[in-house]
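Summary of the model geometry
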Amino acid sequence: MKILVPVKRVLDANVAVRVKSDGTGVELANLKMSMNPFDEIAVEEAVKLKEAGVASEIVAVSIGPAQAQDTLRTALAMGADTAVLVRTDETVEPLAVAKLLRAIIEQQNPDLVIMGKQAIDDDSNQTAQMLAALLGWPQATFASKVVIDGGKAIVTREVDGGLETLEMALPAVISTDLRLNTPRYASLPNVMKAKKKPLEEVDAASLGVSLAPTLKVVSTARPADRKPGSKVGSVAELVDKLKNEARVI
Ligand code: AMP
């Protein structure tokens, strides 16, 4: 079984985000970029399936600038076998990402796509759903458990107030939720080995997909600063504040 894992290069989750002065987006220059955390979970799940003898090959795919090679090398160091960089310097919206991924999937013929439920930069939560629709494949989003049984995937999903378990025939698309697994750190020997693994580059323009944006960012704003908290001296004071200041009881 071959698994394809799309991985996006995003601003590192630990970097304090600063809004650009003109409000057109957030500052990215000279800041640490990393693999989207939900995609790390997707790579981990694919590697686990390979270690369990269920999968035989993992290909990681990233759409982005030349620097997205680093993200792909991380996926290779975690255990992916090969990587494809779909090169573009443009900002690519989820529908165009899904169409580019479909083009790569038609070349790679995977049995399963495991991807993040959401990229932490645009928070779109659209690409997996659009990709499954474009391919005409079944999809299970927000997976917290994945079992592959023959030609089927049995996926437990985190839904409001509980869990739902779905069964679907492969090929299929799965998107990962936070509790699916804990991604491994790539060991130094694996980082070294990853440098020798195959990484193919494809020009996004060669895949016949329009990258023209359909959305315009009107404004970007920081959340309002939180008011400082205060300490209360007694339960009576707390109850008084909740009643008369916060007016929540
Ligand atoms: P989104 O719909 O933008 O929130 O992204 C959901 C998932 O789609 C991400 O977790 C990635 O797995 C995949 N994805 C989105 N953008 C890209 C990209 N530029 N390159 C590779 N994968 C991507």
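Structural notes, computed from the coordinates. Worth saying up front: this structure is predicted, and the values here are computed from it rather than measured.

When helices and strands are counted, the chain shows six helices and 11 strands. Seen through its C-alpha atoms, the chain measures out along the principal axes to roughly 65 × 45 × 40 Å. By the burial criterion, 40% of the 249 residues in the chain qualify as buried. Counting only contacts in the chain whose residues sit at least 6 apart along the sequence, the fraction spanning at least 24 positions is 70%. Roughly 14100 Å² of accessible area belongs to the chain as shown, and the carbon and sulfur atoms make up 52% of that amount. Treating the 30 positive side-chain charges of the chain as one cloud and the 32 negative ones as another, the clouds have centres 4 Å apart.

With that settled, consider the site of the ligand. The full set close to the ligand counts 18 residues, and Asp-39, Ile-63, Ala-119, Asn-125 and Thr-127 are the nearest of them. Separating an oxygen atom of the ligand from a backbone N or O atom of Ala-119 is a distance of 2.8 Å. Within the contact set of the ligand, an oxygen atom lies 3.0 Å away from a side-chain nitrogen or oxygen of Asp-122. For the ligand, whose unbound accessible area comes to 480 Å², protein coverage reaches 98%. Broken down by secondary-structure element, the contributors of at least two residues to the shell around the ligand are strand 4 (57–64) and strand 6 (112–116). Ranked by residue count, the leading element in the shell around the ligand is strand 4, at three residues.

Moving on, we get to the environment of Pro-189. Mapped onto the fold, Pro-189 is located in helix 5 (residues 188–194). A relative accessible area of 51% means that Pro-189 is categorised as exposed. For the pair Pro-189 and Ala-77, spaced 112 residues apart in the sequence, the C-alpha separation amounts to 8.6 Å.

Summarising the element assignment, Lys-117 is placed in the loop between strand 6 and helix 4 (127–135). Sequence separation between Lys-117 and Met-192 is 75 residues, and the spatial gap between their C-alpha atoms is 29 Å. Of note is the side chain of Lys-117, whose polar atom sits 3.1 Å from the side chain of Asp-177.

Before going further, it helps to spend a moment on the side chain of Ser-175. As for its position among the elements, Ser-175 is in strand 10 (residues 172–176). Reaching out from Ser-175, the side chain makes a polar contact with the backbone nitrogen of Phe-142 at a distance of 3.0 Å.

For the rest of this paragraph, the subject is the sheet that holds strand 4. Read across the open sheet, the nine strands follow the order 9-8-7-10-6-1-4-5-11; overall the sheet is mixed. Each edge of the sheet is formed by a strand with only one pairing partner; in this case those strands are strand 9 (162–169) and strand 11 (199–203). Taking each pair of neighbouring strands and ignoring which way they run, the sheet shows an average axis angle of 30°. Sheet topology note: the strand 8 (residues 152–159)/strand 9 ladder contains eight bridges and is antiparallel. If you follow Val-155 over to strand 9, its bridge partner there is Leu-166. The strands touched by helix 2 (residues 68–78) within the sheet are strand 4, strand 5 (82–87) and strand 11, with strand 5 carrying the most contacts at an inclination of about 165°.

As for its placement among the helices and strands, Asp-177 is situated in the loop between strand 10 and helix 5. Excluding anything up to four places from it in sequence, Asp-177 contacts Phe-38, Ile-41, Lys-117, Phe-142, Ala-143 and Glu-158.

Let's shift gears to the nonpolar core. By size, the foremost hydrophobic cluster in this structure holds 36 residues, and its most contacted members are Ile-3, Val-5, Val-43, Leu-112 and Ile-174. The element best represented in this core is helix 1 (residues 37–51), accounting for seven residues. If sequence neighbours within four positions are ignored, Ile-174 has contacts with Leu-112, Val-113, Ile-114, Met-115, Ala-140, Ala-143, Val-146, Ala-153, Val-155 and Met-168. In terms of nonpolar packing, the next biggest core, distinct from the first, is built from 28 residues, Val-61, Val-84, Ala-96 and Ala-128 among them.

Cut-offs applied
- Residues numbered from 1 in each chain as written.
- Predicted model: local features only at pLDDT ≥ 70, side-chain atom pairs only at ≥ 80, totals over all residues.
- Heavy atoms only, no water.
- Helix = DSSP H or I, 4+ residues; strand = E, 2+ residues; numbered from the N terminus.
- Buried < 20%, exposed > 50% of the residue type's maximum accessible area, 1.4 Å probe, protein only.
- Contact = heavy atoms within 4.5 Å.
- Areas by Shrake-Rupley, 256 points an atom, 1.4 Å probe, with all protein chains shown as cover.
- Lys, Arg positive; Asp, Glu negative; His and termini not counted.
- Charge placed at Lys NZ, Arg CZ, Asp CG, Glu CD.
- Near = heavy atom within 4 Å.
- Polar contact = N/O pair within 3.5 Å; in protein donor to acceptor, adjacent residues only side chain to side chain.
- Pairing = 2+ DSSP bridges.
- Axes fitted to C-alpha atoms, helices over the stretch in contact; angles between N-to-C directions.
- Core = buried A, V, L, I, M, F, W, Y, C linked by side-chain atoms within 4.5 Å.

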